[in-house]
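Spelled out from the first residue to the last, the chains are:
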Amino acid sequence: GLIVYTGLGLKLTFLLIDWSETSLLIALLFVAIACLVMGMGMPTAAAYLMVAVLMAPALIELGISTMAAHMFVFYFAILSMVTPPVGMASYAAGGLAKANLWSTGLTGFRLSLVAFIVPFAFVTNDALLFNGTWGEILWVTVSAGLGTLALAGVVTGYWRRGLKLFERIFLGAAAVLLISPEL
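Residues numbered from 1 in each chain as written. Predicted model: local features only at pLDDT ≥ 70, side-chain atom pairs only at ≥ 80, totals over all residues. Heavy atoms only, no water.

### Looking at unusual backbone geometry
Positioned with a positive phi, Phe-130 is a non-glycine residue whose angle comes to about 65°. Structurally, Phe-130 can be placed in the loop between α9 (118–124) and α10 (134–156). Judged by its relative accessible area of 56%, Phe-130 is exposed. The residue Arg-160 is not glycine, and still its phi comes out positive at about 65°. Turning to its location among the elements, Arg-160 is positioned in the loop between α10 and α11 (165–179). Look at Arg-160 and you get exposed, because its relative accessible area is 77%. (Helix = DSSP H or I, 4+ residues; strand = E, 2+ residues; numbered from the N terminus. Buried < 20%, exposed > 50% of the residue type's maximum accessible area, 1.4 Å probe, protein only.)

If you want it as structure tokens, here you go:
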């Protein structure tokens, strides 16, 4: 209601483009934060519908493909379910397990950090959305999958055994390079 009654919904696209100037990364970060905040405490379908109407047009205006823009906002609308302080999915799981809600919420957030990188990969490489030749799609999918596994090892500190600090740093660098194969 706040967005509709204040007219912010209509101005949001223009504000986003104006704030981000020429940097796509800044625009993506603004959209990600906006999607997380707007999606908190809402069911997934309602959160996606709201951010699809308000945020996706701004990304499309910045030159991102329609599919990548919608997948970007969809992912962050879903991730609002595990993002503290609201994190409804994590807190519901903690309540069912009769565990400490805050530690469950923070652990759920930490374990989902890998998913916060995936939407940025959609924007940088359309082959992850099955746009391209089969060779490109296969290469990018395998590379991003290995990068996601490496990042999961960094976040958990475990890869078949406990990882030392230098191994986690190495895996973090490998994850960034694999998730974005252009690098």
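Here the narrative resumes.
### Regarding the pattern of salt bridges
Overall, the coordinates contain 1 salt bridge when judged by the stated rule. Measuring nitrogen to oxygen at the nearest pair gives 2.6 Å for the salt bridge that ties Arg-161 to Glu-167. (Salt bridge = Lys/Arg side-chain N within 4 Å of Asp/Glu carboxyl O.)

### Thoughts on the nonpolar core
Most often, soluble globular proteins have nonpolar side chains that are buried together. Residues Val-31, Met-55, Leu-59, Phe-72, Val-73 and Phe-76 are the most contacted members of the largest nonpolar core, which totals 44 residues. Elements that contribute at least two residues to this core include exactly α2 (8–20), α3 (24–39), α4 (44–54), α5 (56–61), α6 (66–79), α9, α10 and α11. Excluding its chain neighbours within four sequence positions, the residues that come into contact with Val-31 are Leu-16, Met-55, Leu-59, Phe-72 and Val-73. (Core = buried A, V, L, I, M, F, W, Y, C linked by side-chain atoms within 4.5 Å. Contact = heavy atoms within 4.5 Å.)

### Concerning the confidence of the model for the protein
Taken over all residues, the pLDDT of the protein has a mean of 85, while the share at 70 or more is 96%. When mean pLDDT is compared element by element in the protein, α6 scores highest at 92, while helix α1 (residues 2–6) scores lowest at 71. (pLDDT = per-residue confidence, 0-100.)

### Considerations on the packing of α3 against α4
The interhelical angle for the contact between α3 and α4, taken along N-to-C directions, is 145°, at an axis separation of 9 Å. Pair α3 / α4 crosses with right-handed handedness. Contacts between α3 and α4 involve Cys-35, Met-38 and Gly-39 from the first element and Ala-47, Met-50, Val-51 and Leu-54 from the second. Residue classes in the contact of α3 with α4 are distributed as 6 nonpolar, 1 polar and no charged. (Axes fitted to C-alpha atoms, helices over the stretch in contact; angles between N-to-C directions. Left-handed = near helix turned anticlockwise from the far one by under 90°. Nonpolar A, V, L, I, M, F, W, Y, C, P; charged D, E, K, R; others polar.)

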